[in-house]
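For reference, the chains in residue letters:
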Amino acid sequence: MNHATALLFILLTATFARAAVADTPGFTFVKTVDGISEYTLSANGLGVLLLEDHAAPVATFMVTYKVGSRNEVTGTTGATHLLEHLMFKGSALFNRENGQGFDTLLDRVGGINNATTSLDRTNYYEIFPSEHLELAARLEADRMRRLLLRESDRQPEMTVVRNEFERDENDPGSALDKEVGAAAFIAHPYHHPIIGWRSDIEKVSIEKLREFYDAFYWPDNATVTIIGDFQPAAALQLVQRHFGAIPRAPKPIPTVYTEEPAQSGPRRVLVKRPGETGVVQVAYKVPAALHPDHPALTVLAAVLGDGKTGRLYRTLIDTNLAIAADATKGYFHDATLFNLLAQLAPGTTHAQAEKALGDEVAKVKSAGVTTAEVERAVNKLLAGFAYHRDGSFAIASQLNEAIAVGDWTHYSTQLPALRAVTAADVQRVANTYLLEDQSTTGWFVPQPEGAGAPAASTDRAKPRAGTPHYYREPTAPSPATLRPRSTPSAASANPAGGAAPAGAKLAARIHRRSVAGLDVISLPTSLQNVVVLRGVIAAGDACNPAGNSAIADLTAALLDKGTVTRDQFALAELLEQRGAAMTFSAGTHALNFSAKCLRPDLPLVISLLAEQLRTPRFDPGELAKVKQQIAGAHRQRMEDTDARAAAAFARAVFPAGHPNSPPPDEKYLADLAAATLDQVKAFHAAYYGPATARLVAAGDVDHAALDQAVQAGFAGWSGGRVSSTTPRAVAAAAGRTETIVMPGKANVSFALGQASGLRYGEDDYLALNLGTAVLGSGFFSARLLDVVRTREGLTYGITANLGADTYTDGVWMIQAGFAPELLEKGTESVRRELRRFCTDGVTAEELATFKVTLAGSYKVTLSTTEELAGAVLGAVERGLGPEWVDDYLVRMQTLTLEDVNAAIRKHLNPDRMVMIRAGTMSPAPDHK
C-alpha cells in the first residue's frame, strides 16, 4: 500500500460518531457517510447533519442557506451579505431592546459566533461549550423566519459593510480579481463581487432586503449541521422543538437559470492604482465542483502552484520573476475559474510574468505531467483533508462548502476521486479547459503616488472572488491567537494563548523533558493520525548585530533553501511527497518554526527539521534571491495602511534600540542590501542551538517515538545564546498625533495607545488585560464594537488589546479602520469611549460577564490541536510553564473589580497616548 492509498484508507475509515439514530419521530433518516448522519425534518424539509465527537466539551452549530451572491441581480448586489449582517440585529425573541441580543447571549457563555456569505451559500454558526447547544438552536430558529429587519438597523450596518468594501479596495489582489471576474462572466451572476457594488450597498432598500429574506430563508432551503460533544437523539429533539413549527417556503425557492454564453475570444482588463507591486492574473473557464473533471483540475492546480515542487515556484519565484505565484481551481456550484497568479518582483514586467505563466500551461498541454508529480499533488491534497479535520468547526466548514456545491457527501467522495486522477487526466483537462479563447487576463499596474483611482496595494494579492465576506473579522474573537511579532496587531483579548476547559487539567497530560538539549513538550489529543509541531529558538530580530536589522530575517529565510547534503528542491520533495509542511520565520525575539505531518512521517519530518536548523547550506546565489524576495515583500507592506500605522506606532511609543521598535523602512531595505553571507553565518553560529530551543508536539503523538526522533536528529548539537535584558520603555510626557498620507486608499488605518509598561505575567497584567477585554475584545458586547460599530456604524472592525509582551514590556492600543470621510467622527468616538473607560473603569456587571465570556471561550479555542500547541508554547515562552494553561482561568476568576479598575487607572493615560492615522486624507491638526 503506497503513501496516498494508506492516507486515503485512514481518511475514509476514521469515524467520530456513534451509530445513527434511525428511528427518531418527526425525522426521516437518509444515510450515514464517513460517520456523518443525514436526516430530514419531516414537517418542513429542513436538512440535518450530525457528527458526534466527545473529544472536547465543545460543539459547533451551523446553518447553511443555499443562497449567495449568485442569487442576486443588478440593483441588489451585496444584498445577501448585507442581510447576513442584519440577521444579527434582532428577531422577535432575541433583540437588543429586551436585553437578549444575539451577540450578547453568545458572548455571555463564551461562544464564538459569526456568519459568512459566499457565491453559492450563506452560513451562520456558533462554536460554544456544549452545554449551551439549545441556546444556539433557539437563536437560529427564531431568526430563520422572525427577523425584525428594521431601517434603523440597516442604515448604520450599511456603513459598516461599506467600510468592509473599502478595506477590500485597499488590496490589489481583491481589486484585480473583482475586475477579472466581472470581465470573465458577463451574464452569469458570478459577474458580481460577493460584497456587491458600492452603489447597491448604499442604496438597497429595507423592502428589497425583506423580499430577499422572504424568498430564501426557509427550512427547506437550509441545512443544520451539528458537530461535537452531544447526544444525537437529544440534538434531534432540540432541532424538532425549535425548528419544527416553521413552515416550508410558501412558494418555490427561486433558482438561477442564467447560463454564461460561450466565450468567443480572450479578454483583458487593466487596473491602474497607486501601489508598489504589479500583479498578473490569468483566469480560464472551468466546470463546477461536482463535474467529473473537477478532481483532475484540482490536481493540475496543485502540480502548478503548490509548494516548492510546484512548477510556478521554479519558473517564477526561484528565478526572481515573482515574489509569489499560485494556481487555484474554484470550488463552486456553477462553472467557475481556474486562476493563475504572479505577484511581480521588482524589475519584472507584466509581459514577462504573463509569458512565464503561459509557457508553463503550454508545457503541461504539450508534454503532460509526470506520475510522480501527480502522486505528490494527491498526497498533499489528501493530507490537507486530514489536517482540516481538527475540531468540530473545521469539519462543519468543509461540509458547509460541500452543501453549497450541491452534495454534502462530496466532503468524503472527492477523496477517492482525487486518488484516481492520472497524469493523462491532468494533461487532458489542461488541453480541454486552459484555452486562450476561454481566458481572461488581468494586470494590476501600480501607479506613482497621486495617480489613479481610490485603492492601492497591500502585502496580499491572491485571487479572492470566492473568499467569503464575514459578519465580523474572520479571526475574531479567538482568545488563543498568538502574535510572535512585536508589531502591534489586533490580537484577541486573551494573551495567555488559551487554557484548559473547565474541570480539565491539561498539565496532567503534558509531558515535558529535555531531549538532546532541547526543551521538548508533547501533548496527545484526539486528532487522528496527525501531528502538529511548534517551536522557537531565541534568534529573532532582537539578536541582530549592531548596524544591520535584517540578519535574523535572512538567516531564517535561508533555512529551507538547502542544506549541506540536499538542495531546497530535494528537501521539498521529501516533505511534499508525504503531504507534510514546514515553515520558518524570524519574529522579534525568536525564530519561529512549525510543521505538520501524518503520524508515520514524524521521524522523517523531525530529521529534516534538524537538518535545516543545524546545517543550512547558505548558498550565495540563494542569498541574492532571498534578498530580492524580502525586499519586494517589504515594499508591499510599505503600501499597506495597517502595516504603516502599526510600524509608526511602535516607533513612536518605544525608543530606538528597543526590540519592539522596528527600524525605518529605508534603513531596513538598506541593511538588507548590505547584508553579507559572513554575517548570516556568524549569526547562525552564535544564536542557533539547543540552549534556547523549545519544541511542542501535539496530536496523535507518542512520547517515546518523539524522543527517539529528536535524539536521532539533534544529538550532538550545541550552542544558542540568551539575549540580553532590554531597558523598559518610558511613557510619553504628552500625547501626539502622526498622520501618514498615502494616496489612493479607500480605508484609513487608525491606532491609538501607549507603551503598557508591563510584561506578561507581571503584577497588574491580568487585571489590565481583563479590563481591556471589556473595552475592546473581539466580542460584540465589548464597548468599542458595541458603540463605534453597532450603534454608530463607523467601522467594520475595532479592537483594544495588550500585546508584544512575551519577552519585554509591551503596548496597549486601540486599532480600527475608517472611511476617510468618517475618520474625524470615528476618532472623536474612540477618544470619548477611551476617556470614559479610563475615568470610570468597568462595572461589576461587565466584569462578571466577561469572566464567563473568556472562560467559555477557552473551551472553544482549545478544542483544536493547532490552538493547544500554540497555547502550550506561548506559556513556556513566557516562562510560566505548561501548567499555566490550567492556572490562567483560576487566576482570572480571582480578580476583583478593584483590581481591574486600579490597573486601568495606574497604567493608562489618554493624555499621553500616541495616535497614528495612515491612508488617504488631508493632513489634519494634532489632536490632544
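Each value, and the rule that gives it
- Residues numbered from 1 in each chain as written.
- Predicted model: local features only at pLDDT ≥ 70, side-chain atom pairs only at ≥ 80, totals over all residues.
- Heavy atoms only, no water.
- Helix = DSSP H or I, 4+ residues; strand = E, 2+ residues; numbered from the N terminus.
- Rg over C-alpha atoms; globule rule 2.2 N^0.38 Å.
- Buried < 20%, exposed > 50% of the residue type's maximum accessible area, 1.4 Å probe, protein only.
- Contact = heavy atoms within 4.5 Å.
- Areas by Shrake-Rupley, 256 points an atom, 1.4 Å probe, with all protein chains shown as cover.
- Lys, Arg positive; Asp, Glu negative; His and termini not counted.
- Charge placed at Lys NZ, Arg CZ, Asp CG, Glu CD.
- Salt bridge = Lys/Arg side-chain N within 4 Å of Asp/Glu carboxyl O.
- Pairing = 2+ DSSP bridges.

### What about the overall build of the protein chain?
Phase 1 of the analysis: When helices and strands are counted, the protein chain shows 31 helices and 24 strands.
Phase 2 of the analysis: Radius of gyration (C-alpha) of the protein chain: 27 Å, near the 30 Å computed for a compact globule of 928 residues.
Phase 3 of the analysis: Across its three principal axes, the protein chain shows a C-alpha extent of roughly 75 × 70 × 60 Å.
Phase 4 of the analysis: The 928 residues of the protein chain split such that 63% are buried.
Phase 5 of the analysis: For the protein chain, the proportion of contacts with a sequence separation of at least 24, taken over those separated by at least 6, is 83%.
Phase 6 of the analysis: Of the roughly 31800 Å² of accessible surface on the protein chain, a fraction of 54% belongs to carbon and sulfur atoms.
Phase 7 of the analysis: Put simply, the protein chain has 90 plus and 101 minus side-chain charges, and the middle of one group is 1 Å from the middle of the other.

### Comments concerning the pattern of salt bridges
Phase 1 of the analysis: The full count for this structure, using the stated rule, is 56 salt bridges.
Phase 2 of the analysis: One salt bridge connects glutamate 169 with lysine 178, and the closest N-O pair in it is separated by 2.5 Å.
Phase 3 of the analysis: Glutamate 169 sits in the buried class, given a relative accessible area of 8%.
Phase 4 of the analysis: A residue is classified by how much of its surface remains accessible, and lysine 178, at 16% relative accessible area, is buried.
Phase 5 of the analysis: Where arginine 791 meets aspartate 786, a salt bridge forms, and the shortest distance between an N and an O atom there is 3.1 Å.

### Let's talk about the sheet that holds strand 3 (residues 47-52)
Phase 1 of the analysis: Ordered in space as 1-2-3-7-4-6-5-13, the eight strands form an open sheet in which the pairing is mixed. Each edge of the open sheet carries a strand with a single partner, namely strand 1 (27-33) and strand 13 (469-470).
Phase 2 of the analysis: For strand 4 (residues 58-65) and strand 7 (residues 222-228), the ladder comprises seven bridges, and the chain directions are antiparallel. Paired with threonine 60 across the bridge in strand 7 is isoleucine 227.

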